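The primary structure of each chain is shown beneath.
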Amino acid sequence: MAHLAERLNNLGSEGAFEVLAKTKVLEAQGKKIAHFEIGEPDFDTPENIKKAAYEALEKGYTHYVPSLGVPEAREAYAKYVSKTRNVEVDPGQIIVTAGAKPLIFYTMMALVNPGDEVIYPDPGYPIYSSAVRFAGGVPKPIVLREENDFRLDVDELKKMVTPKTKVIIVNSPHNPTGSVLNKEELKAILDLADGEHLFILCDELYHRIYYGGEMAPSMYEFPEAKEKVILMEGFSKIYAMTGWRLGYGVLPPDLVPWFSKLQTNVYSHAPAFVQVAGIEAYNGPQDAPKAMVEEFKRRRDYIVPRLNSMDLVHCVEPKGAFYAWLNIKKLNRPSNEVAEYLLNEAGVAVLTGTSFGESGEGYLRMSYAASMEDIKYGLDQLEKYLPKLAK
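What you see as residue numbers is a count from 1 along each chain, following the sequence as written. Where local features are concerned, this predicted model is filtered to residues with pLDDT of at least 70; where side-chain atom pairs are given and counted, the filter is 80 or more; whole-chain, interface and lining totals use all residues. Side-chain calculation: all heavy atoms of the structure are included, whereas hydrogens and water are not.

Undergrad: Describe the pairing of strand 8 (residues 247-250), listing the residues and the values that go with them.
TA: With burial as the criterion, each face of strand 8 is covered, one bearing Gly247 and Gly249 and the other bearing Tyr248 and Val250. Between any two strands, pairing holds if DSSP finds at least two bridges. For helices the rule is a DSSP run of H or I covering at least 4 residues; for strands it is a run of E covering at least 2, with both sets numbered from the N terminus onward. One ladder, built from four bridges, connects strand 2 (residues 94-97) with strand 8; its direction is antiparallel. Within strand 8, the residue paired with Ile95 across the bridge is Gly249. Both strand 7 (residues 229-234) and strand 8 contribute to a ladder of four bridges, which runs antiparallel. Bridged to Gly234 within strand 8 is Gly247. The buried label goes to any residue with under 20% of its type's maximum accessible area, the exposed label to any with over 50%, and the partly exposed label to all in between, with areas taken from a 1.4 Å probe on protein chains only.

Undergrad: Report on the packing of aromatic side chains, specifying residues and quantitative values.
TA: The pairing test for Phe, Tyr and Trp rings, Trp by its six-membered ring, is centres within 6.5 Å, and the orientation test on the planes gives stacked under 30 degrees, edge-to-face over 60, and tilted for anything in between. Inspection of every chain in the model, using the stated rule, returns 21 aromatic pairs. Judged by centre distance (5.8 Å) and plane angle (90°), the ring pair of Tyr77 and Tyr282 falls under edge-to-face. With Tyr77 in helix 3 (residues 71-85) and Tyr282 in helix 10 (residues 272-283), this pair connects stretches of sequence that are 205 residues apart. Seen in terms of ring centroids, Phe235 and Tyr239 are 6.0 Å apart; in terms of plane orientation they differ by 35°. Their pairing is tilted.

Undergrad: Which residues make up the environment of Glu147, and what are the values?
TA: By the secondary structure assignment, Glu147 is in the loop between strand 4 (138-143) and helix 6 (154-160). The exposure class of Glu147 is exposed, given its relative accessible area of 68%. Separated by 169 residues in the primary sequence, Glu147 and Val316 have C-alpha atoms spaced 9.6 Å apart.

Undergrad: Can you explain empty space enclosed by the protein? Please cite residues and give values.
TA: Every definition here rests on a 1 Å grid over the protein atoms only: cavities are sets of points where a 1.4 Å probe fits but cannot get out, pockets are open sets enclosed by protein on both sides within 12 Å along at least five of seven lines, and lining residues have some atom within 4 Å of a point. Grid points are joined across faces, edges and corners, and a volume is the space filled by probe spheres set on the points. All told, the structure shown has two cavities of 30 Å³ or more when counted by the stated rule. Of the voids in this model, the largest cavity is the one considered here, and its volume is about 70 Å³. Looking at the largest cavity, the residues that line it are Pro121, Leu144, Phe150, Arg151, Leu152, Ile169, Val170, Asn171, Ser172, His174, Ser179 and Leu181. The biggest single contributor to the lining of the largest cavity is strand 5 (residues 165-171), with three residues. Here the residues of the lining of the largest cavity are counted per class, giving seven nonpolar, four polar and one charged. A volume near 30 Å³ is recorded for the second largest cavity. Forming the walls of the second largest cavity are Pro46, Asn48, Ile49, Tyr239, Glu280, Ala281, Pro285, Ala288 and Pro289. Following the grouping adopted for this structure description, the nonpolar residues are Ala, Val, Leu, Ile, Met, Phe, Trp, Tyr, Cys and Pro, the charged ones are Asp, Glu, Lys and Arg, and the polar ones are all others, Gly among them.

This is how it looks when you write it as structure tokens:
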């Protein structure tokens, strides 16, 4: 359309929502669907958090608040990061956002000029490259390889950094592969940044959905991260609060006023009563999120061996998040063709690997944040229908 701005052509999308829309059409026609497409916990938000939101509304948290966030929320979130990363975080570093996703755009808009380079993981969350292109930057994907358990190769990353590199995006635990970087790898990546010309955007939305301990290693455990790292955190995954749209960033102090100005220009601030509910999420009982992670692990320990028992596919065991990254290369068919077939013929909704970048060809993402009923039915369908694709 000639009257639209050219920059809109640089925006990508999220395949999960596109596939979800297709499943709704099929279900309306009476077809049974096993849902592996959407990265959303199949649990409800814990009751104490919902109650805190009701009470916040009754107390009058229905008005404008500072752009950076409700002061008591910023204080609570800073204390949480300080406790979980064992490093001192000042509330003045916190910006509360409507979901964590705005932080990706704010980072690109604040730091990236046309022609500047941004290194990001491939496969990786599709909004990374979308935001880079929208800002006029040059996306530089670093391929995550199966032989390295889909962990970012630090030596390869060092070779990719040039004087034009403005941002390195790190995501651990990783969507879509479930890989987790260790402390040595995180420190080596952190050492590449200077906090003046090169920053790191560290996406830790799955920080507590980790199967090797209570929490995954964090880049923010190192004191020098304060000047170099934009830390993305949020409530959607660990507290089953996807629809609440509540996230926050921990920023290098010099970037705070600029991110605040961006937020003022976009939507002023995240809803006040939702921010207060986030305080309760962190300060209240942690039984529900702990139980969710235990259930995710139970599902992982069921789905991965079953997938690996099938002749035509295999899956590296994820160390965090709640995704199985399924290798389908033996089928010798494009990932999008396999995904379409599974949806329309088998009633199994998955995401094509290319939704997460070019190196996702030959893979499918399956979210096991689904019910065990869906998982068992979906795997039964895969066992039945995958051999038909190989003929």
